[in-house]
Amino acid sequence: MKHRVFDDEFKKMAVELSKLKNSVKEAAEELGLDASRLSKWRNNPSFNGGKVMMDKPGLSEDQMEIRRLKKALKNAELERDILKKAVGIFSKGDGGYTDL
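Residues numbered from 1 in each chain as written. Predicted model: local features only at pLDDT ≥ 70, side-chain atom pairs only at ≥ 80, totals over all residues. Heavy atoms only, no water.

What follows concerns the nonpolar core. Ranked by size, the top nonpolar core spans twelve residues in total: Phe6, Ala14, Val15, Leu17, Val24, Ala27, Ala28, Leu31, Leu33, Leu38, Trp41 and Phe47. No other element matches the four residues that helix H2 (residues 24-31) contributes to this core. Contacts of Ala28, omitting those with residues within four sequence positions, involve Leu33, Asp34, Ala35 and Leu38. (Core = buried A, V, L, I, M, F, W, Y, C linked by side-chain atoms within 4.5 Å. Buried < 20%, exposed > 50% of the residue type's maximum accessible area, 1.4 Å probe, protein only. Helix = DSSP H or I, 4+ residues; strand = E, 2+ residues; numbered from the N terminus. Contact = heavy atoms within 4.5 Å.)

See below:
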């Protein structure tokens, strides 16, 4: 079975269609996609105009912003922890660097 590849323009168009229909499932069926794939595109700011669209009905704009900020904070903390570990690993080296 061949894996289908979609370009960014198609993904943006699919996200727009799902907004117009107000239904991920209907848009996905119309385009011959899996609804979970379209949901991922809807939540990706690259394909939805820079917004994080949580597929949770009933959330206010403020609640969605809080969720987005919490996610960004979690990612920043993860990056910080990775960098701390990298600094620790590289500082344990043989004590010096040589220029070759």
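The next thing to look at is the pattern of salt bridges. A side chain of one charge can pair with a side chain of the opposite charge if their charged atoms are brought near each other. This model, assessed by the stated rule, comprises five salt bridges. Note that Lys19 is salt-bridged to Glu16, the shortest N-O span being 3.2 Å. In this pair, Lys19 and Glu16 both sit in helix H1 (residues 8-21), three residues apart, roughly one turn of the helix. Relative accessible area serves as the criterion here: at 40%, Glu16 is assigned to the partly exposed category. (Salt bridge = Lys/Arg side-chain N within 4 Å of Asp/Glu carboxyl O.)

We now examine H1. For H1, with 14 residues, the first-to-last C-alpha span of 20 Å sits near the 20 Å given by 1.5 Å per residue. Considered for burial, the residues of H1 that qualify are Lys11, Ala14, Val15, Leu17 and Ser18. Viewed along the axis of H1, the buried residues span an arc of 160 degrees, placing them on a single side of the element. Away from its buried face, by an angle of more than 90 degrees, H1 presents the exposed residues Glu9 and Leu20. Where H1 is buried, its residues touch H2 and helix H3 (35-42). Residue Asn22 follows H1 closely and has a positive phi angle near 60 degrees. (Expected span 1.5 Å × (residues − 1). Arc of directions from axis to C-beta.)

For Arg42, the location among the structural elements is in helix H3. Overall, the relative accessible area of 12% leaves Arg42 in the buried class. A polar contact is formed between the side chain of Arg42 and the side chain of Ser18, at a distance of 2.8 Å. (Polar contact = N/O pair within 3.5 Å; in protein donor to acceptor, adjacent residues only side chain to side chain.)

A few words on the packing of H1 against H2. The interhelical angle for the contact between H1 and H2, taken along N-to-C directions, is 135 degrees, at an axis separation of 8 Å. Between H1 and H2, the crossing angle belongs to the class labelled oblique. Between H1 and H2 lies a crossing whose hand is right-handed. Contact with H1, carried on its side by Phe10, Met13, Ala14, Leu17, Ser18 and Lys21, involves Val24, Glu26, Ala27, Glu30 and Leu31 of H2 and no other residues of that element. Tallied by class, the residues present in the contact of H1 with H2 amount to seven nonpolar, one polar and three charged. (Axes fitted to C-alpha atoms, helices over the stretch in contact; angles between N-to-C directions. Parallel < 35°, antiparallel > 145°, perpendicular 65-115°, else oblique. Left-handed = near helix turned anticlockwise from the far one by under 90°. Nonpolar A, V, L, I, M, F, W, Y, C, P; charged D, E, K, R; others polar.)

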